[in-house]
Amino acid sequence: MKDLKYISAYTIPIVALLSISIQGVYTYLTPFYVFGIIPFIELFTPSSIENLDDNSRLSKSKKQLFDWLLYINLPIIYIVLFYAIYTVTKHQLSTYEIVGIVISTGIVLGANGINVGHELGHRFSNERFIAKALLLPSLYMHFYIEHNFGHHLKAATKEDPATAKYNQPVYFFWFTSVLGQYISAWKIQIQLLKQNNLSFFSPKNDMFWYLIFTASYLISIYLLFDITGFWIAISSGAVGFLLLETINYIEHYGLKRNKNKSGRYERVKEIHSWNSNHLLGRILLFELTRHSDHHYRASKKYQILDHHDKSPQLPFGYPTSMVIALFPPLWFMLVNKRVPNEMKP
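Please read all numbers here as calculations on a predicted model, not as lab measurements. Per chain, the residues get numbers from 1 upward, laid out in the order the sequence is written. Under the rules for a predicted model, residues below a pLDDT of 70 receive no local features and side-chain atom pairs below 80 are neither given nor counted, while totals for whole chains, interfaces and linings still include all residues. Based on all heavy atoms of the structure, the side-chain values leave hydrogens and waters out of the count.

Student: Hey, could you run me through a positive patch on the surface in this one?
Tutor: A patch consists of residues exposed above 30% relative accessible area that lack any salt bridge, with like charges linked at up to 9 Å and nonpolar side chains (Val, Leu, Ile, Met, Phe, Trp, Tyr) linked at up to 5 Å. Surface exposure here means Shrake-Rupley accessible area, sampled with a 1.4 Å probe, where a residue is shielded only by the protein chains that are shown. The rule for a salt bridge is simple: a side-chain nitrogen of Lys or Arg has to be within 4 Å of a carboxyl oxygen of Asp or Glu. The charged-residue count follows a simple rule in which Lys and Arg add positive charge and Asp and Glu add negative charge, with His and chain termini not counted at all. In plain terms, the charge of a residue is placed at NZ if it is Lys, CZ if Arg, CG if Asp and CD if Glu. A surface patch of positive charge is lined by Lys158, Lys165, Lys256 and Lys259. Numbering goes from the N terminus for both helices and strands, where a helix is a DSSP run of H or I of at least four residues and a strand is a run of E of at least two. As for its position among the elements, Lys158 is in the loop between helix H8 (143-154) and helix H9 (170-195). The exposure class assigned to Lys158 is exposed, which follows from its relative accessible area of 72%. A 1.4 Å probe rolled over the protein chains alone gives each residue an accessible area, and that area as a share of the maximum for its type sets the label: buried under 20%, exposed over 50%, partly exposed in between.

Below, the structure is given as structure tokens:
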């Protein structure tokens, strides 16, 4: 039964479906659940630094149940998305209801889409196809290239657009990270093509394919649901990737890697990512909150990630931390003192 705890992650799309169906003020039920109820519960639930023993780690790493718990998110996010678009285009709704539906849908695209796509993007080829399909509705397919070939090499450095600087407000980070990661993805793609002696217009240019898939997706939405559905898809996608960027913000905020004598950065260690052991956030985000171990060993599956005593610890779980990050003075007051002194400017 403990293995089934990650089913709790499906409560987010379930609440979203309910909010879209009931409509009215209930269209805001999803953000209230994710950023109100969950943070409140987190204040009264324990955190755990317990790690699996070797036998349990080996057993869990081989269980396909944990993989299927990720795969199921693919139909889930598209069901929520198309139900949201259908509801908005087929019913006379108030503006505030449409905004609530967009926010609810975007939260699902971020939490159950990009987050799961991130996990599967580190897997083998077939699972990477699922990862990219999960990224598509958030208009963030380039994240696969930038994250795997950019962020994991440059995390906690000035060269990484997905690492928030000390005292940088999250709203400025949204702009620099969204733009910086897209530019970085193109640079990485061009470099990969050159390494393989391929031209810019090669069929191996994945960034071109991402543009084609994204355009085809949006055109299909337009043909099926007209301009209203088109804008709902774009708006929901934007909410989804801003949710991701808020998580990016708290994952490496203010942390820096040092350069060695050769001028290269030290390898990524446990101290270069913020960790959170709060159980509810861990379960709902498929252990994303044990981010230190993910960067330390990116190939490890989510169900066997470990706690490291050396890792900087957030005072709250990720859902609560995301809410606090939206209030920069409060975030700086609570988190700046936890940034190691040697990493501060």
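Here the narrative resumes, following the displayed structure.
Student: Help me out: how do you make sense of the UniProt feature "transmembrane region" (unreviewed entry) in the protein chain in this one?
Tutor: UniProt positions are given in the numbering used here, feature names are shortened, and annotations may be inferred rather than shown by experiment. Under the feature "transmembrane region" (unreviewed entry), the UniProt entry names residues 7-26, 65-86, 98-117, 129-145, 170-186, 207-225, 231-250 and 316-335. The span residues 7-26 is 60% helical and 0% strand by assignment, and the distance between its end C-alpha atoms comes to 23 Å. Regarding residues 207-225, the helix share stands at 100% and the strand share at 0%, and the terminal C-alpha atoms are separated by 27 Å.

Student: What should I look at first to understand a nonpolar patch on the surface in this one?
Tutor: A contiguous nonpolar patch, built from Ile14, Leu18, Ile22, Val25, Tyr26 and Tyr96 and spanning about 600 Å² of accessible area, is present on the exposed surface. Counting residues per element, the nonpolar patch draws most heavily on helix H1 (residues 11-22), at 3 residues. Along the polypeptide, Ile14 turns up in helix H1.

Student: What is the right way to read the nonpolar core from this model?
Tutor: Nonpolar side chains in soluble globular proteins generally cluster together in the buried interior. Residues Leu120, Tyr249, Tyr253, Phe286 and Trp331 are the most contacted members of the largest nonpolar core, which totals 81 residues. For this core, the leading source of residues is helix H10 (residues 206-252), giving 15 residues. Every residue pair with non-hydrogen atoms within 4.5 Å of one another is taken to be in contact. Setting aside residues no more than four positions away along its own chain, Phe286 makes contact with Tyr6, Ala9, Leu69, Leu70, Asn73, Asn115, Val116 and Tyr302. Put simply, a nonpolar core is a bunch of buried Ala, Val, Leu, Ile, Met, Phe, Trp, Tyr and Cys residues held in one set by side-chain atoms that sit within 4.5 Å of each other.

Student: Could you clarify how one ought to interpret the pattern of salt bridges in this entry?
Tutor: Opposite charge on two side chains lets them pair, provided their charged atoms get close. Following the criterion strictly, the structure yields 13 salt bridges and no others. Close ionic contact of Asp3 with Lys63 constitutes a salt bridge, the shortest N to O distance being 2.6 Å. One end of the pair, Asp3, is in the segment before H1; the other, Lys63, is in the loop between helix H3 (54-62) and helix H4 (64-71), with 60 residues separating them in the sequence. For Glu127, the salt bridge identified is with Arg123, shortest N-O distance 3.0 Å. The class of Arg123 is buried, set by a relative accessible area of 6%. One salt-bridge network, in which partners are shared between bridges, spans Asp54, Arg57, Asp293, Arg297, Lys300 and Asp306.

Student: Got a minute to help me understand the packing of H8 against H9 in this structure?
Tutor: The angle between the axes and the distance between the axes are what describe a pair of packed helices. Taken N-terminus to C-terminus, the directions of H8 and H9 make an angle of 75°; their axes are 8 Å apart at the nearest point. Relative to H9, the element H8 is oriented roughly perpendicular. Note on element contacts: H9 touches H8 through Gln181, Ser184, Ala185, Ile188 and Gln189, opposite Phe143, Ile145, Glu146, Phe149 and Gly150. Residue type decides the class: Asp, Glu, Lys and Arg count as charged, Ala, Val, Leu, Ile, Met, Phe, Trp, Tyr, Cys and Pro as nonpolar, and the leftover types, Gly among them, as polar. Residue composition of the contact of H8 with H9, grouped by class: 5 nonpolar, 4 polar and 1 charged. Orientation is described by axes fitted as lines to C-alpha atoms, over the contacting stretch for helices, and by angles from 0 to 180 degrees between their N-to-C directions. The cut-offs work like this: below 35 degrees is roughly parallel, past 145 is roughly antiparallel, 65 to 115 is roughly perpendicular, and the gaps in between are oblique.

Student: Which parts of the structure should I look at to understand the layout of surface pockets?
Tutor: With a probe scaled to a water molecule rolled over the atoms, the places where space remains empty come into view. Approximately 460 Å³ is the volume attributed to the largest pocket. Computed over the protein atoms alone on a 1 Å grid, cavities are sets of points where a 1.4 Å probe fits but cannot get out and pockets are open sets with protein on both sides within 12 Å along at least five of seven lines; a residue lines them when it has an atom within 4 Å of a point. Along the walls of the largest pocket sit 19 residues, with Lys5, Glu50, Leu52, Lys60 and Arg282 positioned nearest its centre. Among the residues forming the lining of the largest pocket, the class breakdown is 6 nonpolar, 4 polar and 9 charged. Grid points are joined across faces, edges and corners, and a volume is the space filled by probe spheres set on the points.

Student: I tried to follow the packing of helix H5 (residues 73-90) against H10 on my own but got confused; where do I start?
Tutor: Where H5 contacts H10, the axes come no closer than 9 Å and their chain directions differ by 60°. By the angle class used here, H5 and H10 are oblique. As H5 packs across H10, the resulting crossing turns out to be left-handed. Mapping the contact onto sequence places Leu81, Phe82, Ile85, Tyr86, Val88 and Thr89 in H5 and Tyr217, Ile221, Phe225, Thr228, Gly229, Ile232 and Ala233 in H10. By residue class, the composition of the contact of H5 with H10 is 10 nonpolar, 3 polar and no charged. Should the near helix be turned anticlockwise from the far one by less than a right angle, the crossing is termed left-handed; should it be turned clockwise, right-handed.

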